[in-house]
Structures are given as structure tokens and as C-alpha cells.
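# Notes for the structure review
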Amino acid sequence: MRDKSINTVDSFEIDKLKTLIEVNSRINSNYSDLNALLVYILESAMRLVECESSSLLLVNKDDGTLRFCVALGPKGPEAKNILVRSDSIAGWVVKNNQHLIINDVEHDPRFFSEVQSKTGYLTKTMIAIPMQVDGKCIGVIELINKVNNSFFDENDLLILDLLSNQATIAYRNANAFRSAQNKISVLQDSLYSGTEYHTFIAKSPAILDLVHVIEEVADTNSSVLIMGESGVGKELFAEQLHLKSSRRNHPFVRVNCAALSPALLESELFGHEKGAFTDAVSTQKGRFETADKGTLFLDEIGELPLTLQSKLLRVLQSHQFERVGSSKTISVDVRIITATNRNLESMVKAGTFRGDLYYRLNVLPLNIPPLRERKDDIKPLANFFMKKFSDETKKNFIGFSPKALDVLYGYYWPGNIRELENSIERACVLGTPPLIQVEDLRINRSWNDNDSASDAKVAKANAIEDIAEEIASNSDRSLKSAIDQFKKAYIKQILIETGWNQTKAAQILDLQRTYVSRLLNELHIRDEK
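If you're wondering where the values come from, they're calculated on a predicted model, not measured in any experiment. (Residues numbered from 1 in each chain as written. Predicted model: local features only at pLDDT ≥ 70, side-chain atom pairs only at ≥ 80, totals over all residues. Heavy atoms only, no water.)

## Some points on the sheet that holds strand β11 (residues 335-340)
Working definition: the strands of a sheet are paired by backbone hydrogen bonds and lie parallel or antiparallel to each other. Strand order in this open sheet of five strands is β7-β8-β11-β6-β12, and the pairing throughout is parallel. Edge positions in the sheet fall to β7 (252-256) and β12 (364-367), since each has one partner strand and no second. For this sheet, the mean angle separating the axes of adjacent strands, direction not counted, is 20 degrees. As judged from the four bridges shared by strand β6 (residues 224-227) and β11, these two strands associate in the parallel manner. Note that in β11 the partner of V224 across the bridge is I337. Contacting β11 and β12, helix α7 (residues 205-217) runs over the sheet at an angle of about 160 degrees to β12. (Pairing = 2+ DSSP bridges. Helix = DSSP H or I, 4+ residues; strand = E, 2+ residues; numbered from the N terminus. Axes fitted to C-alpha atoms, helices over the stretch in contact; angles between N-to-C directions. Contact = heavy atoms within 4.5 Å.)

This is how it looks when you write it as C-alpha cells:
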């Protein structure tokens, strides 16, 4: 009789092999969405190595700092806007082009604690490996906090090394694919005739309110800046702005500012003359000319190099520019819509994004809430993706099991709609009709949002709403009276939460402690400790 433990080990190893084959299959079948591929690879790494979070950091060639391209885990979205210094653990991996296994991160002298201090996520153990292209390190893949307080070992390194190689293949293939697509799209203006748009699905009040705003501003020529986490569907909102405008019968041209090198991006945007540079074998129109009388959508505007920001600002102000290698001024009538998942205000303060350009782009801001804040959209979106991938996989799925729906509603969705789509696609590939089951989704359910921290936030929000309702019901409804009453009730609520610790309350209120003490006297707030 065969030992059950051997069967368990074999089963686990077979699952690893299946996952690696599945990753390889995805890489070789889809180059169009690099971010989705990288998210999928890191999700697979977390599942195989059994850790809490993972990230991919890419190197900034100018100063050697690193930024999070993908960050998965409980605090992934909060970490994405933090720049990591070159003297960090990740920086060491880049400089030495070697892996690291660290099972006592806190005491490592290279530990960059800013991510931990800003997110509150404690890093105990880490494995980091360079992501190489042609032998040069372009980024670092990190896995953090092995489950059950165990340590990373050489077996984990072997798995991560394989997945790192696959991530490199995905990166190279996707970049080559996008570069080719961008060149083709400039040559074929008809691709941007406004006929290929995504299906827009919305049920939540937050998104329906945004649709109403879009309808009001669509016919203006003012610039629109769409902000939101990666994967929330910013491009779809840009499409709606175009489709609801008087420019709907003219081109809608898309440019991903992160997909091209600065030199190529300038040529793509503004065009070039024959002989302007080595590969300029003929005169070429740029995206601004292609979008004339229509809309130009600049995605990932935060990645636009400083050298091009001044030129873009000029086009926004005068609607004029010159092709690369030409002194002839070209005038266009184009509406600009931009999108970013980065904090441009912070970038302005850091000097990496021009303030004058930011204010010019931010005339009409649209903030797209993450999927976890608009859960009414989850089921209709999931049903749409289920139908789409049921048709592609030739499987007749008709819905989701009750438990699968519970998981979809309870999950945090750090990758937003893009992650939901990937999860449903995976479920349709792996599952068996008629219903998609929990195990088909392969979601890390430890990230579910319905925990005590979430309940505490809801309780605090409800307390503030109660304060506002009480004030509104008073006989004296003047603004001054309402402000004084709210100030008193709000400060009292913070003091209650801090156990009447005035120092802690002052930190939360962002006030000097002495001023808090003065407010207690002025507003007659009694110490109830």
C-alpha cells in the first residue's frame, strides 16, 4: 500500500508543475496586457511559495530608485506610490544582480523601512530576485512573509527563479508587441475611427454619478484628468467622454506613455520628418495629427518624461507643435484626456512632474473609485466576463455558486476590474459547467475585506454621520452654529477614541497639543475619561 504522505507530496509537486505550465501557456498566448501577465505571475508565485504578499519593482534609469510596477497583498495599493531608494534591499539586488534570502528583515542594514512605516505592514521575511533582460537587471521581484512564520529557503528560490524567467519573457514579448502595435496604429489612422470601444457596465451609485458628470462635461473642450488605481477601467471612462461628446464621429486615439522610450514617444506623439533620425525612412504623422478634431487619450501620463512635458504643455496652450526634425508649425484641434494611477501632486512636489502641466491637465478631474468601494458592480461585471470567456472556452457556464459569489463580494480586489476579469477567465478555463465554484476562482481569500479593521472604519464613519444628523435637527441651523457644534462633537469623538489622550488626539487632528487644550476650554468639552 502506498504511503499517503507520498501521495500528498506528489500532489503538491504536480500542482506546482501545472501552475508553471499554465503560466507559460498564458505568456505564449497573450502579449497585449503586460500588467495583467505580471500580476498573474506574482499571484502564482505567492500560491506556490505560500507567502503573504509580492511585488515587482522596476528601476528608474535616471537616479537608480525603484518604483512598484505591481504590488499584491494586504497593503499593495498603498505601497504603489512609494519610491524605494537605491540603498535598499531591492537596490542591492539591482546593483549586484544577485538574489537575496533574508529571514530577519528588520535587522538587515539595507532594509528600507519607509514602505513599512507608511503602510503599517510589517515585513519579517523576504526573498528577492533580479529580473533580467539581456543579462541586465531592470527590476526586482520580491516575495514577503512566508506563511505560518516559517522561513524562505532554496526550494522557494528555485520556484521564484523559474517564475522570474517567465516574467522576463512576458516583459520582453509584451513590450515588443506593444511597440509593434503602436507603430502600426500610427500608419493606419482608420484604426482610430471610433468604432472599437469597450462595453461599459455600471450599476453602483458612485459610477452612475460619474456617468452623469461625464454627460455634463463631455461637450466641453477642457482637459480631463482621470485618476484611480490600476485596473479600475480609466480608459473606459475616457471612451465615454469621447462617445458622449460632439467629437464622437472623429478619431479617438490612445497612447500609453509608459510603453515607449522617450525618443520613440516624442516621434509617436508629434510625428517626424524623413531623415530626422536613423530609422526615419519616411515622413510620419504623429498621434496629435491623427486625432485632429477628435480626442487624444494619454494613459499613464505620470510616466511622461520631463523632456516631453514642456512640449505637451505648449500643445495644450496653443494647439501647435512641430514634428521631430522639422521647423514647420502644425495646428490641431484635439481634446486631451489623461489618466494616471500615480499621485501627481506628490510628483510635482518631488520635481518629477511639472506643476504648470499638472494644473493644465487637471481642469476637470475624475476620481474612479476602486472595485472594493463599488461592490454593486461586481456581479454584473462578473456575469459579463463569464459570458465572454464561456464563449471563448466553448463552455456553457450559466452563473456562480452562492459561495463563489460570497467570495467575489468579500475579496479586496487589489487589481480591481482587471483582476476580476483574470479571475473569471481562469475560472472558465479550469472550471466545469454549469456553475463557477470557489475553487475555480483561485482567489487568495485571506485578503477578504470583512474583518475587524473594516468594521471599525464603518463604525467611525457612522459616528460622524450621526453627529451631522444631530446638528441638522437643531433649532439654530446657521452655518456658524453648525460649524461650532460639529467641531465640538468631532473633537469629542476623537478624544473618546484615544481614551482622552490629548497628545494622540492632536496627532489625529493634525493640531498642536496646546491648541487642542485651548479648544477644550473654548468649546466647553468636558474630560470624561
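## Description of empty space enclosed by the protein
It is the rolling of a water-molecule-sized probe over the atoms that shows where space remains empty. Under the counting rule described, the total for this entry stands at one cavity of 30 Å³ or more. By volume, the largest cavity is sized at about 340 Å³. Ranked by residues supplied to the lining of the largest cavity, first place goes to strand β1 (residues 51-59) with four residues. Residues belonging to the lining of the largest cavity are distributed by class as follows: 15 nonpolar, nine polar and two charged. (1 Å grid on protein atoms, 1.4 Å probe; cavity = no way out; pocket = protein on both sides within 12 Å on 5 of 7 lines; lining within 4 Å. Points joined across faces, edges and corners; volume = space filled by probe spheres on them. Nonpolar A, V, L, I, M, F, W, Y, C, P; charged D, E, K, R; others polar.)

## A short note on the pattern of salt bridges
Tallying each qualifying case throughout the model produces 23 salt bridges. Between E268 and R287 there is a salt bridge, with the nearest N and O atoms lying 3.5 Å from each other. Highlighted residues: E268 in helix α9 (residues 262-270) and R287 in helix α10 (residues 287-290), separated in sequence by 19 residues. Linking R374 and D377 is a salt bridge whose minimum nitrogen-to-oxygen distance equals 3.4 Å. Here the two residues R374 and D377 agree in accessibility, since each one is buried. When salt bridges that share partners are traced, they join R67, E303 and R342 into one network. (Salt bridge = Lys/Arg side-chain N within 4 Å of Asp/Glu carboxyl O. Buried < 20%, exposed > 50% of the residue type's maximum accessible area, 1.4 Å probe, protein only.)

## Comments concerning the packing of aromatic side chains
The tally for this structure, following the rule as stated, stands at ten aromatic pairs. Both rings, one in F200 and one in F237, keep their centres 5.2 Å apart while their planes meet at 90 degrees; by these two values the pair is edge-to-face. Taken together, the residues F200 in the loop between α6 (154-187) and α7 and F237 in helix α8 (residues 234-243) connect sequence positions 37 residues apart. In this structure F200 comes out as partly exposed when scored by relative accessible area, which is 23%. Judged by its relative accessible area of 3%, F237 is buried. Summarising the aromatic geometry, the rings of F270 and F321 are spaced 5.6 Å apart at their centres and angled 45 degrees between planes, so their arrangement reads as tilted. Here F270 is found in helix α9, whereas its partner F321 is found in strand β9 (residues 320-322), with 51 residues between them in sequence. In this pair, the class of F270 matches that of F321, namely buried. Clustering of aromatic rings is evident, with ring pairs tying together Y197, F252 and F297. (Phe/Tyr/Trp six-rings, centres within 6.5 Å; stacked < 30°, edge-to-face > 60°.)

## Considerations on the nonpolar core
In terms of nonpolar packing, the biggest core is built from 32 residues, with F288, L296, L298 and I301 touching the most fellow members. Looking at this core, the elements with two or more residues in it are β6, β7, α9, β8 (295-299), α11 (306-318), α12 (344-350) and α13 (355-361). With five residues, the top contributor of residues to this core is α11. Excluding residues that lie within four positions of it along the chain, I301 makes contacts with L225, C257, L312, T338, A339, T340, L344, F353 and L361. Judged by nonpolar contacts, the second largest core, of 29 residues, contains I41, A45, L160 and A170. (Core = buried A, V, L, I, M, F, W, Y, C linked by side-chain atoms within 4.5 Å.)

## Quick notes on the environment of K379
Relative to the helices and strands, K379 resides in helix α14 (residues 378-393). K379 sits 21 residues away from F400 along the chain, and the two C-alpha atoms are 9.4 Å apart. Not counting the four nearest positions on each side in its chain, K379 is found in contact with L405 and Y409.

Treat this as a map of the structure, not an account of what it does.
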